[in-house]
Amino acid sequence: MRTMLPCAACFNSTENDGICSLSFCPTALFRVWGQLAARRMEVCRNASSRRVGVSQHSGFGAGRCALAWGRGWFRCRGAWVSGSLRVVHRDEQGRERSLPAGQASGVRLTGGKPVWVPLRHRSERSIVTYWWSATTGRHVGCRSLERLSVAMLLDFHPNVTEFSAWTARLEWRERSRIRRFVPDFFARTAAGATVVIACLPSSGASSRWVRQQEVLRQACAEADWQLGSPRLPQPAALANLRWVSRYRHPRYGEAAVEGALLEVFQEPTCLGEGIQAAGVPRLLALPRLYHLMWRRELTMDWGVPLGPASVLRREGGTSLRMSPFSVEDPS
């Protein structure tokens with residue numbers, strides 16, 4: 001025979017060891033809340049006994065405190081922890097590795113497997129696509145068409161020797177939660193520097209994106225990276241580069257035709273006149289000519305629409321600056 005006992009909080013009849021089974025019992029809810037507050041106070045006392053700095057705030061929450069420990073610092077309600085910022089990547093065997101941001105300067109992040117892949121959802125306007133890179137011979141993931149254009153610029157840049165997407169993510173603790181952020185691209189320059197690129201969303205800079213940029217700058221300062229902010233060229237130049245990029249594959253190269261075209265365009269010459277002077281059939285010469293433009297052996301005024309009247313010339317040299325990317329020095 002069960003014995004009905006009064007609730008210790010509201011004196012309602014109950015058989016659950018003196019605790020009311022009514023979920024809407026206000027007295028029981030306040031009692032549970034008081035127990036949680038007492039436990040938080042006990043955590044603060046134990047932290048103080050371990051010689052950890054504790055600063056209690058005035059207010060109705062006993063757990064609102066800030067703890068200082070070692071070089072890093074933790075706040076229950078506030079900014080992230082400088083000592084807890086970590087970089088997660090995959091090793092050669094495909095296993096995830098996590099290490100502090102200060103130890104990630106010597107880790108090569110441009111050739112590994114992605115740690116995150118976006119999932120397509122009907123509510124999203126952007127599409128997930130892949131860019132075949134002539135620089136690396138691999139596909140690079142892009143979360144939107146804007147990022148596809150950025151991948152094209154990275155592939156065309158003379159100073160970029162390797163780049164990849166989603167090969168590392170940042171993790172930090174903020175407001176008692178673990179936050180994560182995956183940059184769009186990691187690029188490696190000819191000088192051996194690592195450039196991290198995060199593209200601005202099409203909807204504009206939100207408060208969340210601004211916060212992620214702050215964390216990304218902190219990670220660049222600790223890991224000795226460079227933060228790259230891409231700037232897309234003018235519409236005419238972007239359209240020209242998109243057309244030329246269709247012929248970036250090495251199969252469009254042919255030494256004999258390329259030699260004839262380079263000989264003709266030693267001096268600035270119109271595209272149509274140069275093809276006629278080279279003595280090569282037009283349908284055979286145009287793909288090779290665009291391939292030379294992609295390899296930056298021939299150049300033009302990219303701001304003018306590409307056509308038969310476009311003036312082409314032999315490229316005199318290549319610049320190793322990261323333009324059209326704005327790169328911030330971590331120092």
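Refer to the structure presented above.
Report on the accompanying structure.

1. Brief notes about the overall build of the protein chain
- Secondary structure summary: the protein chain contains seven helices and 19 strands in total.
- Taken across its 331 residues, the protein chain has 40% of its residues classed as buried.
- Restricting the contact set of the protein chain to residue pairs at least 6 apart, pairs at least 24 apart contribute 55%.
- Carbon and sulfur atoms make up 52% of the accessible area of the protein chain, which amounts to about 19400 Å² in all.

2. Details of helix α3 (residues 207-223)
- For α3, which comprises 17 residues, the first-to-last C-alpha distance of 24 Å matches the rise-based estimate of 24 Å (1.5 Å per residue) to within 8%.
- Restricting attention to buried positions, one finds in α3 the residues W209, R211, Q212, Q213, V215, L216, A219, C220 and A223.
- In this fold, the buried residues of α3 make contact with β11 (168-174), β12 (177-181), β14 (194-197) and β15 (226-230).
- In the stretch just after α3, D224 is the one whose phi turns positive, near 60°.

3. Some words on helix α5 (residues 255-264)
- If you check which residues of α5 are buried, you get V257, E258, L261, L262 and V264. Buried residues along α5 cover an arc of 160° about the axis, so they all sit on one side. α5 presents A255, A256 and E263 as exposed residues on the side facing more than 90 degrees away from its buried surface.

4. Structural notes on the environment of F186
- Inspection of the secondary structure assignment puts F186 in strand β13 (residues 185-189).
- C-alpha separation for the pair F186 and W166, spaced 20 residues apart in sequence, amounts to 7.8 Å.

5. Thoughts on the sheet that holds β11
- Sheet architecture is open: four strands sit in the order β7-β6-β11-β12, paired in antiparallel fashion. Where the open sheet ends on each side, the last strands, each with one partner, are β7 (96-100) and β12. Averaged over all pairs of adjacent strands, the angle between strand axes in this sheet comes to 30°, irrespective of strand direction.
- As paired strands, β11 and β12 are joined by five bridges and run antiparallel to one another.

6. Remarks on the sheet that holds strand β16 (residues 269-270)
- Reading across from one edge, β16-β18-β17 is the order of the three strands in this open sheet, with antiparallel pairing throughout. Two strands close off the open sheet at either side, each with one partner strand: β16 and β17 (298-299).
- The sheet contact formed by β17 and strand β18 (residues 311-314) spans two bridges and is antiparallel. Note on β18: the bridge partner recorded for L298 is R314.

Here is what the cut-offs are and how they apply
- Residues numbered from 1 in each chain as written.
- Predicted model: local features only at pLDDT ≥ 70, side-chain atom pairs only at ≥ 80, totals over all residues.
- Heavy atoms only, no water.
- Helix = DSSP H or I, 4+ residues; strand = E, 2+ residues; numbered from the N terminus.
- Buried < 20%, exposed > 50% of the residue type's maximum accessible area, 1.4 Å probe, protein only.
- Contact = heavy atoms within 4.5 Å.
- Areas by Shrake-Rupley, 256 points an atom, 1.4 Å probe, with all protein chains shown as cover.
- Expected span 1.5 Å × (residues − 1).
- Arc of directions from axis to C-beta.
- Pairing = 2+ DSSP bridges.
- Axes fitted to C-alpha atoms, helices over the stretch in contact; angles between N-to-C directions.

None of this, on its own, says anything about what the molecule does.
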